[in-house]
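Letter by letter, the chains look like this.
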Amino acid sequence: MSNTLIIIPTYNEKENIEAIIKAVFSQEKQFDILVVDDSSPDGTSEIVTNLQNNFSNLFLEVRKEKTGLGAAYIHGFKWALSKNYDYIIEMDADFSHNPKDLIHLYNACDIDGADFSIGSRYLNNKINVVNWDIKRLLLSYFASKYVKIITQIPIFDTTAGFVCYKSTVLKNLDLDKIKFVGYAFQIEMKFKAWKRKFKHKEVSVVFTDRKRGTSKMSGSIISEAVFGVIKMRLQGLPK
Ligand SMILES: Nc1nc2c(ncn2[C@@H]2O[C@H](COP(=O)(O)OP(=O)(O)O)[C@@H](O)[C@H]2O)c(=O)[nH]1
Ligand SMILES: [Mg+2]
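To keep things clear, this report deals only with the structure shown in the data block. (Residues numbered from 1 in each chain as written. Chains lettered and ligands numbered in written order. Predicted model: local features only at pLDDT ≥ 70, side-chain atom pairs only at ≥ 80, totals over all residues. Heavy atoms only, no water.)

## Some points on the site of ligand 1
In the vicinity of ligand 1 there are 18 residues, among which E13, D38, Y183, S215 and K216 approach most closely. Between a nitrogen atom of ligand 1 and a main-chain N or O atom of V36, the distance comes to 3.1 Å. In the complex, 93% of the free accessible area of ligand 1, which totals 570 Å², lies under the protein chains. For the shell around ligand 1, the secondary structure elements donating two or more residues are β1 (4–10) and α3 (69–82). Here the residues of the shell around ligand 1 are counted per class, giving 7 nonpolar, 3 polar and 8 charged. (Near = heavy atom within 4 Å. Polar contact = N/O pair within 3.5 Å; in protein donor to acceptor, adjacent residues only side chain to side chain. Areas by Shrake-Rupley, 256 points an atom, 1.4 Å probe, with all protein chains shown as cover. Helix = DSSP H or I, 4+ residues; strand = E, 2+ residues; numbered from the N terminus. Nonpolar A, V, L, I, M, F, W, Y, C, P; charged D, E, K, R; others polar.)

So, in structure tokens, the structure goes:
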């Protein structure tokens, strides 16, 4: 068993899942993987089940319903804590997050002493995104600026979904009180960890838009983030 679990949430990722699992397992450091699938109709979980014959450190949790990324991650976090992993890394299935950066996120915590590390697209306002159309890029970039202004959080890429948490952080956050599901979920996790004085480090990464499969981003996820951030700020320190 590795000391580090990579959680990959999936919904209809049959084009990516096998390749991303193999890419993670081909890294020099040994990682375990947990796929949290929301009963994808395209058969993503069956692909994972087959691969479990070849990889003993590949785990799968299938949830009955698609209730969003946040809920899938909370499920994965609880699973990770019950198995006593030291480090828990969030990662997308679609190769937007380069598996080669996993070790940099890990080292930021294990060597540099951060409690959580963020694979950041906008570190020091430098934009590291490949293949996004300009509309999507501007939306994401200005969303990050907006969040920084409203919440005062000293993080450039607050909506990043490529994050390593030390287990102490996840134990300290009341996971049942995390309410958001989309980008707001990513913001809420970082906001609460920062408010509880956990140390963070941003690691510069290049984010590449998916080549296969489709994005699950939606208008409701964006509006949740826009209004959710204001709510978070008004509530001060949500428990
Ligand atoms: N389990 C689960 N995974 C999801 C859900 N929504 C998105 N994902 C996964 O979360 C990751 C990021 O989603 P993606 O659609 O690429 O979002 P985008 O990168 O913002 O366009 C991918 O691995 C998706 O399959 C969901 O409701 N449930
Ligand atoms: Mg994506």
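## Observations regarding helix α1 (residues 17–25)
Looking at α1, one finds that the buried residues are I17, I20, I21, A23, V24 and F25. Residues of α1 that are buried sit in contact with β1, β2 (32–37), α2 (44–51), β3 (58–62) and α4 (102–110). (Buried < 20%, exposed > 50% of the residue type's maximum accessible area, 1.4 Å probe, protein only. Contact = heavy atoms within 4.5 Å.)

## As for the environment of F25
In this fold, F25 is placed in helix α1. In this structure, the C-alpha to C-alpha distance between F25 and G161, residues 136 residues apart in sequence, is 20 Å. Those residues within four positions of F25 in sequence are excluded, and the remaining contacts are F31, I33, F55, N57 and L58.

## What about the packing of aromatic side chains?
One pass over the structure, following the stated rule, counts 13 aromatic pairs. Ring centres of W132 and F207 lie 4.9 Å apart, and the angle between their planes is 55°; this geometry places the pair in the tilted category. Linking W132 in the loop between β6 (129–130) and α5 (134–151) with F207 in strand β9 (residues 207–208), this pair joins segments that are 75 residues apart in sequence. Here W132 matches F207 in class, with each residue buried. Members of the aromatic cluster, joined through ring pairs, are Y73, F77, F116, Y165 and F185. The ring of F207 has R121 lying over it, and the distance from NZ or CZ to the ring centre is 5.0 Å. (Phe/Tyr/Trp six-rings, centres within 6.5 Å; stacked < 30°, edge-to-face > 60°. Lys NZ or Arg CZ within 6 Å of the ring centre and 35° of its normal.)

## Concerning the packing of helix α7 (residues 183–195) against helix α8 (residues 219–234)
At a closest axis distance of 7 Å, the pairing of α7 and α8 adopts a crossing angle of 25°. In terms of their interaxial angle, α7 and α8 are classed as roughly parallel. Residues Y183, A184, I187, E188 and F191 of α7 pack against I221, E224, A225, V229 and M232 of α8. Classifying every residue of the contact of α7 with α8 by side-chain character gives 8 nonpolar, no polar and 2 charged. (Axes fitted to C-alpha atoms, helices over the stretch in contact; angles between N-to-C directions. Parallel < 35°, antiparallel > 145°, perpendicular 65-115°, else oblique.)

## Quick word on the pairing of strand β5 (residues 116–120)
Counting buried positions along β5 yields 5 of 5 residues, so the element is predominantly enclosed. Burial of the side chains of β5 extends over both faces: F116, I118 and S120 are buried on one face and S117 and G119 on the other. Where β5 meets strand β7 (residues 163–166), 3 bridges bridge the pair, whose relative direction is antiparallel. Among the inter-strand pairings, I118 is bridged to a residue of β7, identified as V163. Note that β5 and strand β8 (residues 200–204) share 5 bridges and pair parallel. Looking across to β8, one finds that F116 is bridged to H200. (Pairing = 2+ DSSP bridges.)

## Quick notes on unusual backbone geometry
Residues other than glycine seldom take positive phi values, yet N131 does so here, at roughly 80°. Topologically, N131 is positioned in the loop between β6 and α5. Residue class for N131 comes out exposed when judged on its relative accessible area of 52%. Of note, K197 is a non-glycine position whose phi angle comes to about 70°, a positive value. Locating K197 in the fold gives a position in the loop between α7 and β8. With relative accessibility at 73%, the residue K197 sits in the exposed group.

## Let's talk about the side chain of D38
Structurally, D38 is set in the loop between β2 and α2. Residue classification places D38 among the buried residues on the basis of a relative accessible area of 5%. Within the structure, D38 has its side chain in polar contact with the side chain of R63 (distance 3.0 Å). Once you skip the residues sitting within four places of it in the chain, D38 turns out to touch T10, Y11, R63, E65, K66, T67, G68 and A72.

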